[in-house]
Amino acid sequence: GFKMFEFDFSDGFRKILEKISKKDPIMARAINRKIKEIISRDDRSILAYKNLRHDLKNLKRVHITEWLIITFEVNLNENFILFSDIASRDEVYKK
């Protein structure tokens, strides 16, 4: 049967999401919608999200807006996703 991914947020992700929720509720809603979309994928369609390059290649990324990106890590064996960061586009590649 099909089941949604289990998921959690890193502390950093949670903090940033809380900040955004206070400053920009509409953006926070967009992020939450995207999280729901990601966790309701199956183990095939989850692979459609792009991986980051180089030493971040176990992380996938998805754009919320043109400049805001969330990164997350997928563990298919455990059916688990960790949402790791919310960053503006240039930040993701600086780290």
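For clarity, every value in this text was computed on a predicted model and none was experimentally measured.

Draft legend 1. Examining the confidence of the model for the protein more closely. Chain-level statistics for the protein give a pLDDT mean of 90 and a share of 94% at 70 or above. Least confident of the elements in the protein is helix H3 (residues 89-94), whose mean pLDDT is 66; most confident is strand S1 (residues 6-9), at 97.

Draft legend 2. Focus on the nonpolar core. In this structure, Phe-13, Ile-31, Ile-38, Ile-70 and Phe-83 are the most contacted members of the largest nonpolar core, which totals 21 residues. Where this core is concerned, the elements lending two or more residues are helix H1 (11-23), helix H2 (25-39), strand S4 (68-75) and strand S5 (80-88). Sorting elements by how many residues they give to this core places H2 first, with 6 residues. Sequence-distant contacts of Ile-31, that is, excluding residues within four places in its chain, are made with Phe-13, Leu-17, Ile-20, Ile-64, Leu-68, Ile-70 and Ile-86.

Draft legend 3. Summary view of H1. Relative to the 18 Å expected for 13 residues at 1.5 Å per residue, H1 spans 19 Å between its end C-alpha atoms, a close match to the ideal helical length. Close packing links the buried residues of H1 with S1, H2, S4 and S5.

The rules behind each value
Residues numbered from 1 in each chain as written. Predicted model: local features only at pLDDT ≥ 70, side-chain atom pairs only at ≥ 80, totals over all residues. Heavy atoms only, no water. pLDDT = per-residue confidence, 0-100. Helix = DSSP H or I, 4+ residues; strand = E, 2+ residues; numbered from the N terminus. Core = buried A, V, L, I, M, F, W, Y, C linked by side-chain atoms within 4.5 Å. Buried < 20%, exposed > 50% of the residue type's maximum accessible area, 1.4 Å probe, protein only. Contact = heavy atoms within 4.5 Å. Expected span 1.5 Å × (residues − 1).

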